[in-house]
Amino acid sequence: MSSALRRAEGGLSVNRPLDAGNMGPKAQMAERSLSYDRPLDAVLSAAPPPPPPVSNTGMMQQVAPSRVAYTRPLGAVSGAPSAPPPQMAQMRASSIAYTRPLDAATAVPAAPTPLVQPAAPSISYTRPLGALTNVALPQRAYQKPLDAQGAPVVATQIAAAGRPYQKPLDAIEVVSNYAPSARAYQKPLDAADDSDYWTDLGHALNGDGASGNQTGLPPVVLAVSSSSQYLFGSQYMPEKSLLTPDEIDAELKNLRDLLDAGFLQAFQYEERKADLIKQKKFAFSSSIPHVSFGELSANVILDSMDDAPHTSSKAANRNVRVFISSTFRDMGDEREALLKHVFPLLQKEYRERGVSLTAVDLRWGITSEQTNNAQTINVCLSEIDRCRPYFVTLLGGRYGWAQPDHGVDELLKRTHDRAAESFPWIRKFSTRSVTELEIRHALLNDMGSETSRRGLVYMRKDAQDEDTRLTHLKKELQDARSQGAFRALGQYRDAEELKRTLSADLMKLLDEDFPAATVPTPLERERQAHDAFQDSRCRVYVSKPSYFSELNSHLLNPTSGPIVVVGDAGVGKSAFLCNWAVRYKRDNPDKLVITHFIGATSASTDLAQTLTRIMQEINSFYQLDKEIPTSVTAMVEKFPEFLAEAGKRRGLVLLLDALDQLSPADGAQDLLWLPTISPDGVRLVLSCQTSPCLNVITKRKWRSMQIQPLSKAERTILISEYMQQAGKKLTPEQTELVASSNQCGYPLFLRTLLEELRVFGSFEQLESKISGYLAAKTIPDLFDKVFERLEKDFVLPANSTNCKEVEKSFIGAVLGLVLVSRKGLAESEMLECLNLTQAYWSPLFLALEEFLVSRSGFLAFFHDYMRQAVEKRYSRIPNFFNDLRRLLTGYWNSKAASEMAAVRSSKDKLSPLAQRAFEEVPFHYEASSDINSLRNFISKPSHFRALAAQAFRFDLVRYVRSCDGAVAIKNAMQSLSDISDMDTTASFFKELGSYEIAEDFYQKALVAAEKVNPRNEVTLADVLDGLGYVQRLRGKYIDAAKTLERCLELKRRLLKEDDGSLATSINNLAIVFRKQGKYERAEELYNNALAIRLKIFGTTHADVAQSYNSLGCLYQDQGKFEIAEKNLMEAIRLRELLLGSGHPDLAMSLFNLGNVYLDWSRFQESVPLYDRALEIYEACFGPQHPYVAQVLNSMAGVQQEMGHYDDAEKIYFRTLQIREASLGSSHPDVALTLNDIAVLYSRQNRFDEAVVYYKRALEIRRAVVGEAHPDYAQALKNLATVYQDLGRYHEALPLFEKTLDVYKTALGELHPNVASACTGLAGLKQQMGRFNECIPLYEKALQIYGDLAGGAPDSDMALTLNDFAVLFFKMQNWAKAEETYLRALDMYERCFGEKHPDVCQALINIGHFHVSRGDKGKAKEYFTRAAETYREIFGANHAKTLHAISLTSA
């Protein structure tokens, strides 16, 4: 192989060690002989790099330093007159040219992460209702001991209650999921847990002995158990699902007696009473609770989840609806004052706390159409239930709509009778007004209820009652108040006094529920939205115990991997997982359980925001302070580390539902971000349907759990149960028709169908209606029929709104706004956007109750099939959805204009109104392809500041790319002079990958910082830090070194010597010095950083391990392999101890040590290290991840060095496939592999093929880093070298010359890359016969290497001496040639010892020199020594060994 070829190899991407603080795109694609050990980088795609992290424990978030292409030709190319035989040139700097190892993450945290974390609260973040973390549920339900006097009384009361109180609050299967009040999740007792207690109690109550009752329950309990199992979630099939209203009333009375007798505690009374009130509401309700049907079989359990473990509450939902009850004609001034003055001010106040406040006043604009449809009372009472516990009533002199003293109001009678079907208690009050019925329903029927206790009642002073019934009502209210009911019962003179009084009273109520200090963070709001989604699937659920057992058994096995719940859409996967999760959290309160339902929120489908949320939850629960990256690539790298951190504490169960709904952006559905093997202590529970995700899961051979459709028998049981709850019944023929339909095997289809049948009014036409719905073969088709029915039921009168979208389709506008909105819409936003009154909205809202859910106060679809159906049906209206988007952007631009314009810094806290506007407006511009409006919006300075904040950073990057908005933002921000603006803009463009623009803004920020406030050294240091970072990424190492030295000088003054962030700055400067080849300076700084970390953290800490890793990489750069080995082995020891045997950081150090052995020609020792690193990376990231490609590239290099070219080629092309698939065809890492393939072809004399790959690599680098970057120069040198090998000298010459110029400009005169370029140019001129021009080039190279080495042995100097010796030989200066060859041999032996391939090559070169001088005896001595050494290194049959042996006999 010619020396020119070796020079080409010298230009390849031999990975220099990655260092801390280096997170940008691979800043040096410069390569040496092979890029198989190219460092892993934080930026694994063409996406912009993340900013420098604060934490150093992340994985591979670095860039290789610049000292990369030290390899130069070992000898001149043969062929010139009087040249030695070509074999003289067969020497390489090392078999593998200083394989660049990976270094640690980019920075240390400002404060150390303690190895022993403080204990997290004993309750998980999902505890409902803001429950206290340490308030235990009583060990025994109703545990007050009975005494002789108390027993008979209690026995009587229990018998009268007719209810077995042994299971308080909730169903047996469900109660332990949910603590409705301030209690932790202690599991309550069930029959199995406490049978002895109940047996004893039964004997005590009934006076019997141990015989006769074998159930463990007292006889009085046995007498009622068969009729009450549904309420208590019995394991038996219910005989009677619901109590009648009269039974509930009786039981409510008995509950009070039990409380008074001391048998119940107050909280138990309140919770059981709430349960009964809900049962009463739904006894004949117009709105049946949602039923999520799982499978049903002989051992099915029907759980009522209404009282079960919900995780949301008023505070969690933060969606407040206040019902205002009043008469219509005499309350105009009061309602005007409330709706136009009081509530707008309260809405603004509580919007700041993340609360959506809606006033529900059904007297405001009630229509004659609704009145004539006899819906008034039904709608009013239903709305009161939706508004609980917030109720305000105003009473003047009018009594309201009521039956007259004489005669009958037929319309009111019809209205009353219709409402009595849902609220049977009103039958006793058939002559009372609608207003009185509202007051009774909210306040007087149950004065112990929360609504009654918190009710606000106001009476106008001096009002003359027009009806004695009004007088009696007021007296009853006053009596109730004297008994402690209501929060306020006040009088007012006029509307102004009412405004003041009601405002103060209502604000007190809201302050109790939503204190100013409890404003939810973005993480809490997202968590609440997922909890709300979970609750919506837990109202009534038919469970199959085998599913729960299968999943729990899997998780109990510590060696089992992820489990995937699979099944068709609509079959009940989400419902099962929601119910399972609630129970699992109850039973494991100390374990972190993260439930992430993809599709539940707009953010949940985005990979970056999903990973961010999971990492934030881990930080929050375990009280960590780990930095979360801002780029997807860096997040993917960090994600396994966060999982491992949770696993080594108290563990983590991560539930990811509906993986198939992830956005395909960022390769989310390839699942490269999801570890193949979970870290110890981490369990993954997933669900998926047919999709690319499922294909990946299948290949990974993870265990799957199939959710099956309902059988016909199960459908039959559920049809009966559901209709029974509604007080209706299908005939056997109708039941058979529904149960026989295959579509009804899907619970969602069946539930939707039954709900439609429930609200259908004509029994005679019912069978025809069933057939019509069953004509829908898919769930979206069924929803389409539901929408068709709603469109007929809800038609707005003419001129009822001025919204043209509503005029096109009332139902379509409502559902369409939910569809197109990013996060859903709050109820108040919906009303304002569509210009609707509450009277028009409430009936529709009630009708849509089964199809919409509230997630953090925003209306969203219950199921994705709803979204699909809405999209399909209403896309038929031309431009309908874009019209709705324009409606929303107009609404937000108008409503929040002043608040959006007021943003002065990216650090400003946005008002909730501005937050919503920035969430929605640019999103809708992008969705409607309104590119100009999007560009104009994001480039307004105040808008840019807000969007550049962390909460919107991902969105802003996407918006800029979709509308090509970078130039507009640059132009808009250039005219501003505020330092904060410049720093924000620079930081954003750095993340965008526009380093030139970023540097420009950092320079302006620096000038402003020095001019405006030079004493603010903290700001100045921050600006210098950012500037130095982008200068380094641009390859401007001289400028970067000056900037970072100044930054470090400031920080030394500002910070204590043992401050962790000081170590970070020191480390960052060390990287630059290493890139400049100033190893002595770099070593000093690395050791300084290590000393600080040892002082802060002690000897056993991840940051200390990172320092050892960095030093190992540095020593590898210098060829000090023994010291490099020791440091890397210490890094490996610490990382395995601290992070476990499967952590990616451990793999990084293993990989680095493998690279050292590769450089050291200890090939067999490198192989197991690479194998282990590969195993970890594949387990963490899957087989198609860039890190896997990195290790494969090194493995190919080993094969190449051992002469196994076919094997090397196969591995290189597998590497190329992975990198192109995961990073894109224009990524720098792709250029590295292309380079390596070119090297491989050059070694095989396949030069024409090599040229093709070198050119492809060159074009990628030109596009990525520009022509002034060292990486581009290295690519030029590679191409020049292959031209040299092809004899195309005149094409090679300008490329070598440009390479030298770029290196000098970017790196300075004293840099090893400059020396390498000098030897490359000298080698070419040597072949061209321009010998005298070569001498100064070689001398310049030797001077650089000597100065950098400081007298120490240096392999690069040895290589240059060898090439210089070849020149002297060609010039027939025999004495000088022999002297220089011997100097080269001595230098190699001092660098590597006598047993190294490069030493062998030096021996062969000297042997050839003596052959050419006619001294064959002397030559044989050198050839023999080389052959023996090759045999020890490679074995007797290796090509190099055989070649050396052949020389000895020649």
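Residues numbered from 1 in each chain as written. Predicted model: local features only at pLDDT ≥ 70, side-chain atom pairs only at ≥ 80, totals over all residues. Heavy atoms only, no water.

Caption draft 1: Geometry of the overall build of the chain. Looking only at helices and strands, one finds 61 helices and 15 strands in the chain. Looking at the chain as a whole, 63% of its 1450 residues are labelled buried. For the chain, the proportion of contacts with a sequence separation of at least 24, taken over those separated by at least 6, is 76%. For the chain, the exposed area adds up to about 50700 Å²; of that, 51% sits on carbon and sulfur atoms. (Helix = DSSP H or I, 4+ residues; strand = E, 2+ residues; numbered from the N terminus. Buried < 20%, exposed > 50% of the residue type's maximum accessible area, 1.4 Å probe, protein only. Contact = heavy atoms within 4.5 Å. Areas by Shrake-Rupley, 256 points an atom, 1.4 Å probe, with all protein chains shown as cover.)

Caption draft 2: Here's a closer look at the nonpolar core. Among the nonpolar cores identified, the biggest contains 189 residues, and I618, F639, L652, L659, W673 and L674 are the most heavily contacted of them. Broken down by element, this core gets its largest block of residues, 10 residues, from helix α57 (residues 1355–1370). Not counting the four nearest positions on each side in its chain, I618 is found in contact with L592, I594, Q623, L624, F642, L643, A646 and L652. Listed in part, the 121 residues of the second largest apolar core include L825, A917, M973 and F1001. (Core = buried A, V, L, I, M, F, W, Y, C linked by side-chain atoms within 4.5 Å.)

Caption draft 3: Representation of the pattern of salt bridges. Overall, the coordinates contain 72 salt bridges when judged by the stated rule. Put simply, D361 and R335 hold a salt bridge, and the shortest N to O gap is 3.6 Å. One end of the pair, D361, is in the loop between β4 (356–360) and α9 (368–372); the other, R335, is in helix α8 (residues 332–351), with 26 residues separating them in the sequence. Among the residues examined, D361 registers a relative accessible area of 2% and is labelled buried. The class of R335 is buried, set by a relative accessible area of 4%. In this structure, the salt-bridge partner of R873 is D784, at a minimum N-O distance of 3.0 Å. (Salt bridge = Lys/Arg side-chain N within 4 Å of Asp/Glu carboxyl O.)

Caption draft 4: Quick look at the packing of helix α52 (residues 1247–1265) against helix α53 (residues 1270–1285). It is the contact of α52 with α53, at a shortest axis distance of 9 Å, that shows an interaxial angle of 165°. When the axis of α52 is compared with that of α53, the two are roughly antiparallel. Note on packing geometry: the crossing formed by α52 with α53 is left-handed. For the pair α52 and α53, contact is made by F1247, A1250, V1251, Y1254, K1255, L1258, R1261, R1262 and V1265 and by D1271, Y1272, Q1274, A1275, L1276, N1278, L1279, V1282, Y1283 and D1285, respectively. Here the residues of the contact of α52 with α53 sort into 12 nonpolar, two polar and five charged. (Axes fitted to C-alpha atoms, helices over the stretch in contact; angles between N-to-C directions. Parallel < 35°, antiparallel > 145°, perpendicular 65-115°, else oblique. Left-handed = near helix turned anticlockwise from the far one by under 90°. Nonpolar A, V, L, I, M, F, W, Y, C, P; charged D, E, K, R; others polar.)

Caption draft 5: Spotlight on helix α59 (residues 1397–1412). If you check α59, its first and last C-alpha atoms are 23 Å apart, about what 16 residues at 1.5 Å a residue would give, namely 22 Å. Buried residues dominate α59, accounting for 14 of its 16 residues. Phi turns positive, to about 85°, at G1414, one or two residues after α59. (Expected span 1.5 Å × (residues − 1).)

Caption draft 6: Structural detail: the sheet that holds strand β5 (residues 391–395). The strand order β4-β3-β5-β6-β7 describes an open sheet built from five strands, whose pairing is parallel. Because the sheet does not close on itself, it has two edges, and the strands there are β4 and β7 (488–492). Across the sheet, the mean angle from the axis of one strand to that of its neighbour is 20°, orientation sign disregarded. Of the pairings in the sheet, the one linking β5 to strand β6 (residues 456–460) comprises four bridges and is parallel in character. Bridging across to β6, L394 finds its partner in Y458. Sheet strands in contact with helix α10 (residues 376–387) are β3 (319–325), β4 and β5, and its direction is about 140° off that of β3. (Pairing = 2+ DSSP bridges.)

Caption draft 7: Local environment of the sheet that holds strand β12 (residues 682–688). If you trace the five strands from one edge of the open sheet to the other, you get β10-β11-β12-β9-β13, paired in parallel fashion. Where the open sheet ends on each side, the last strands, each with one partner, are β10 (592–597) and β13 (703–706). Taking the axes of each pair of neighbouring strands and ignoring which way they run, one obtains an average angle of 15° across the sheet. In this structure, β10 lies alongside strand β11 (residues 652–657), joined through six bridges in parallel fashion. Directly across from V593, in β11, lies its bridge partner V653. Most of the contacts of helix α17 (residues 545–556) go to β13, to which it runs at about 165°, and overall it touches β9 (563–566), β12 and β13.

Caption draft 8: Just the packing of aromatic side chains, in detail. Counted under the stated rule, the structure contains 36 aromatic pairs. Between the aromatic rings of F621 and Y622, the centroid separation amounts to 4.9 Å while the plane-to-plane angle is 90°, which identifies the pairing as edge-to-face. Side by side, F621 and Y622 carry an identical accessibility label, which is buried. Measuring from centroid to centroid gives 6.5 Å for F783 and F787, while their planes differ by 15°, and the two rings are stacked. Linking F783 with F787, this pair stays in helix α26 (residues 779–793), spanning four residues, or about one helical turn. For the pair F783 and F787, a shared accessibility class is recorded, and that class is buried. A cation over an aromatic ring shows up here: R386 above the ring of F845, its NZ or CZ 3.9 Å from the ring centre. Stacked on the ring of F548, the Lys or Arg R583 has its end atom at 4.2 Å from the ring centre. (Phe/Tyr/Trp six-rings, centres within 6.5 Å; stacked < 30°, edge-to-face > 60°. Lys NZ or Arg CZ within 6 Å of the ring centre and 35° of its normal.)

Caption draft 9: How the structure looks around α52. With 19 residues, α52 should reach 27 Å at 1.5 Å per residue; the first-to-last C-alpha distance of 26 Å fits that figure. Along α52, the residues that are buried comprise F1247, A1250, V1251, Y1253, Y1254, A1257, L1258, I1260 and R1261. With its phi angle positive at about 85°, G1266 sits one or two positions after the end of α52.

Caption draft 10: Quick look at the side chain of S928. Tracing the chain through its elements places S928 in the loop between α34 (912–927) and α35 (931–938). At 3.3 Å, the side chain of S928 forms a polar contact with the backbone oxygen of Y925. Residues contacting S928, with those up to four places away along its chain left out, are N882 and R885. (Polar contact = N/O pair within 3.5 Å; in protein donor to acceptor, adjacent residues only side chain to side chain.)

Caption draft 11: View of the environment of S678. As for its position among the elements, S678 is in the loop between β11 and β12. Sequence spacing of S678 and S560 is 118 residues, and the spatial spacing of their C-alpha atoms is 9.2 Å.

Caption draft 12: Representation of unusual backbone geometry. The peptide bond linking R388 to P389 adopts the cis configuration, its omega dihedral lying at 5°. Mapping P389 onto the fold places it in the loop between α10 and β5. A positive phi is found at K701, a non-glycine position, where the angle reads about 60°. Tracing the backbone through its elements, the reader meets K701 in the loop between α21 (692–700) and β13. A relative accessible area of 74% places K701 in the exposed class. Its identity as a non-glycine residue notwithstanding, N835 has a phi of 55°, on the positive side. Judged by relative accessible area, which is 39%, N835 ranks as partly exposed.

Caption draft 13: Molecular detail of the side chain of R1135. With respect to the element layout, R1135 can be found in helix α46 (residues 1121–1139). A distance of 3.3 Å separates the side chain of R1135 from the backbone oxygen of D1145, its partner in a polar contact.

Caption draft 14: The arrangement of the confidence of the model for the chain in detail. Summing up the model confidence of the chain, the mean pLDDT is 76 and the portion of residues at 70 or higher is 76%. Per-residue pLDDT stays below 50 along residues 281–315; that stretch engages in 161 contacts with residues further than four places along the chain or on separate chains. Ignoring residues within four places in sequence, the model shows residues 364–368, a span with pLDDT below 50, making 10 contacts including any to other chains. (pLDDT = per-residue confidence, 0-100.)

Caption draft 15: Representation of the packing of helix α54 (residues 1289–1307) against helix α55 (residues 1312–1327). Relative orientation of the contacting elements α54 and α55 amounts to 160°, with a least axis distance of 9 Å. Between α54 and α55, the angle falls in the class roughly antiparallel. At the point where α54 passes α55, the crossing takes the left-handed sense. Between α54 and α55, the residues in contact are Y1289, A1292, L1293, F1296, E1297, T1299, L1300, Y1303, K1304 and L1307 and N1313, V1314, A1317, C1318, G1320, L1321, L1324, K1325 and Q1327, respectively. Among the residues forming the contact of α54 with α55, the class breakdown is 12 nonpolar, four polar and three charged.

Caption draft 16: Just the environment of Q534, in detail. One can find Q534 in helix α16 (residues 522–536). Overall, Q534 belongs to the buried group, its relative accessible area being 0%. Linking Q534 and C578, residues 44 residues apart in sequence, is a C-alpha distance of 5.2 Å. Reaching out from Q534, the side chain makes a polar contact with the side chain of K585 at a distance of 3.4 Å.

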